[in-house]
Amino acid sequence: MTQGARRTPARRTVLGAAGAAVLGASTALPAGPAQAAGSPGSAGGDPSGKGRGFRSLPVPTVIAHRGASGYRPEHTLGSYQLALDLGADVIEQDLVPTKDGHLVCRHENDITGTTDVADHPEFASRRTTKSVDGVSLTGWFTEDFTLAELRTLRAKERIPGTRQENTLYDGRWRIPSFEEVLEWADREGRRRGREVWLHVETKHPTYFRALGLGLEERLAKLLRRHGRHRADSPVFLQSFEPTSIQRLAGLVKSPRVVLLSGATTRPWDFVQAGDPRTVADLITPEGLRSLSSYAQGIGPTLDLVIPRDASGRLGTPTTLVRDAHAAGLILHPYTHRNENSFLPADFRRGTDPTAYGDAFGALRTYLATGIDGIFADNPDTALLAAADFRAR
């Protein structure tokens, strides 16, 4: 079997989704069995957002990380559409603002590596160096462009050395605004007769608030416009900055998740406020109880659930799952990827870092800890692993 064939999801899905969204426009596709209303993987409910809430989602929940980013350039309508067609339970968006205050879907405000901006001579003078959350970056940044200017760019694969096949789709889709994604989700929800769940992250909220581009109010306005502001709405709101989640809690009732990085790290809002607490403090039983006062879940790194030893192999699971559940919190850890370079050492196969390893073995180990869901670049792989887990 060729490398390309090994990585490609079902032929019907790929061919359908490849033609589904051209240059940012989505075309209706027939739903496959996994997406049909009332099927085992369906969340059910009213696509307007008046559903049964996040407790109705399958457990473990498969969250398509930046869409089906293992197969398409991330945060494009093509990536989101493929993730939905593959049957993902929830689809993730990361939000950053434009100069004129629109929210767009990019993992970072630095768009150097995910768009063709470097090929646009009219924007050459916009290349600059900035400090974002204490990290010096040189490139092009969304906050220096209007939405109209960003619409002239096209998205491309972020890690072409690892995902060479994804470069086939470079230039096919533009940067979507979050409002476009909400309209797409509403349209797909009506067509499929079920809610389309989203997992939405505010990126660098303290940084942007200092620029006069606060994310939370803009996000809340869009959520209210599309009926996703209620406690049972088909959306999770997430951030690495707890104060962003607290701010959102005062604006909308949508379920909220605090993202957690490495144990020794400090959220940037804590750094700016002089709060000495680290992630290790937040994942103690006391810290988790505090988070539960304004959030319904946490999104820890997988290493906080099962740490890796010095050789990169998985060790003994921590008590995080038990402690979070005791505090009434669900867990959506991140991120599972199929390639050897991302897998724990004991699940790598062969010497090619870009080849797939024992992804199912790794997923089986993580799901056995009792996590409620998992972010995955390859949602079809995670869905099969989740189905296996439920069957046992």
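The rules behind these values
- Residue positions within a chain follow its written sequence, with the count starting from 1.
- In view of the model being predicted, local features appear only for residues whose pLDDT reaches at least 70, and side-chain atom pairs are presented and counted only at 80 or more, with totals across whole chains, interfaces and linings using the full set of residues.
- Hydrogens and water molecules were not included; the side-chain quantities draw on all heavy atoms of the structure.
- Each helix is a run of H or I in the DSSP string that is no shorter than four residues. Each strand is a run of E no shorter than two, and both are numbered from the N terminus.
- Three labels apply to residues, based on accessible area from a 1.4 Å probe with only protein chains included: buried if under 20% of the type maximum, exposed if over 50%, partly exposed otherwise in between.
- Here the arc refers to the set of directions running from the helix axis out to each C-beta atom.
- Only protein atoms enter the 1 Å grid used here. Points where a 1.4 Å probe fits but cannot escape make up a cavity, open sets with protein on both sides within 12 Å along at least five of seven lines make up a pocket, and a residue lines them when an atom lies within 4 Å of a point.
- Grid points are joined across faces, edges and corners, and a volume is the space filled by probe spheres set on the points.
- Under the grouping applied here, Gly and all other residues not named as nonpolar or charged are polar, the nonpolar ones being Ala, Val, Leu, Ile, Met, Phe, Trp, Tyr, Cys and Pro and the charged ones Asp, Glu, Lys and Arg.

(A) Fine view of unusual backbone geometry. In the segment running from V59 into P60, the intervening peptide bond is cis, with an omega of 0°. The amide bond that connects Y334 to the next residue, T335, takes the cis arrangement and shows omega of -15°. Tracing the sequence through the fold places T335 in the loop between β12 (330-331) and α14 (359-367). In this model, D133 sits at a positive phi of 50°, which is unusual for a non-glycine residue.

(B) Fine view of helix α7 (residues 215-225). Those residues of α7 that fall on the buried side of the exposure criterion are L215, E216, L219, A220, L222 and L223. Down the axis of α7, the buried side of the element spans an arc of 165°, and every buried residue falls inside it. A positive backbone phi angle near 65° is found at G227, which sits one or two residues after α7.

(C) Structural view of the environment of V117. Position of V117 relative to the elements: it lies in the loop between β5 (103-105) and β6 (128-132). A residue is classified by how much of its surface remains accessible, and V117, at 0% relative accessible area, is buried. Distance in space between the C-alpha atoms of V117 and L153 is 6.2 Å, their sequence separation being 36 residues.

(D) The arrangement of empty space enclosed by the protein in detail. What the rule picks out here adds up to two cavities of 30 Å³ or more. Around the largest cavity sit F360, R364, A385, D388 and R392, which together line it. Elements with a contribution of two residues or more to the lining of the largest cavity: α14 and α15 (379-391). A class-by-class count of the residues in the lining of the largest cavity yields two nonpolar, no polar and three charged.

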